[in-house]
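The primary structure of each chain is shown beneath.
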Amino acid sequence: MAAMPASAERPPANEMSDALTEVRQLIVDLRDAAQDGRELARRYSEILQNVVDEYCVEFEQRAESALARLESIR
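The shown structure was predicted, so the numbers you read here are calculated from the model rather than taken from an experiment.

## Observations concerning the overall build of the protein
Alright, step 1. Assigned secondary structure in the protein consists of two helices and zero strands.
Alright, step 2. The buried share among the 74 residues of the protein stands at 0%.
Alright, step 3. Taken as a whole, the protein presents about 7100 Å² of accessible surface, with 59% of it coming from carbon and sulfur.

Here you go:
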């Protein structure tokens, strides 16, 4: 088996530099996307909590009102 020439074993320095730059940018982009995802999840969690709280209060008030009407009928 013949040995590969040095140029076939290792990419040129500029290609290696470009690849490293691309990988670093990918890491930054992934970090940013993860942070955005966490912020979005927190925001939706807060919105959902507010909606649930609002409905619980509304239904609790309606249930108390209905119970009061039933108790007044007795």
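## Structural notes on a nonpolar patch on the surface
Alright, step 1. Together, Leu40, Tyr44, Ile47, Val51, Tyr55 and Phe59 line one region of the surface with nonpolar side chains, adding up to about 590 Å² of accessible area.
Alright, step 2. Within the element layout of this structure, Leu40 appears in helix α2 (residues 13–73).

## Thoughts on the packing of aromatic side chains
Alright, step 1. Per the stated rule, a full pass over the model turns up one aromatic pair.
Alright, step 2. With centroids separated by 5.9 Å and ring planes inclined at 20°, the aromatic side chains of Tyr55 and Phe59 adopt a geometry described as stacked. Linking Tyr55 with Phe59, this pair stays in helix α2, spanning four residues, or about one helical turn.
Alright, step 3. On the basis of relative accessible area, Tyr55 is assigned to the partly exposed category, the value being 44%.

## A short note on the environment of Asp29
Alright, step 1. Tracing the backbone through its elements, the reader meets Asp29 in helix α2.
Alright, step 2. Within the structure, Asp29 has its side chain in polar contact with the side chain of Gln25 (distance 2.8 Å).

What counts as what
- Residues numbered from 1 in each chain as written.
- Predicted model: local features only at pLDDT ≥ 70, side-chain atom pairs only at ≥ 80, totals over all residues.
- Heavy atoms only, no water.
- Helix = DSSP H or I, 4+ residues; strand = E, 2+ residues; numbered from the N terminus.
- Buried < 20%, exposed > 50% of the residue type's maximum accessible area, 1.4 Å probe, protein only.
- Areas by Shrake-Rupley, 256 points an atom, 1.4 Å probe, with all protein chains shown as cover.
- Patch = residues over 30% accessible without salt bridge, like charges linked within 9 Å, V, L, I, M, F, W, Y side chains within 5 Å.
- Salt bridge = Lys/Arg side-chain N within 4 Å of Asp/Glu carboxyl O.
- Phe/Tyr/Trp six-rings, centres within 6.5 Å; stacked < 30°, edge-to-face > 60°.
- Polar contact = N/O pair within 3.5 Å; in protein donor to acceptor, adjacent residues only side chain to side chain.

Read these as spatial facts, not as claims about activity.
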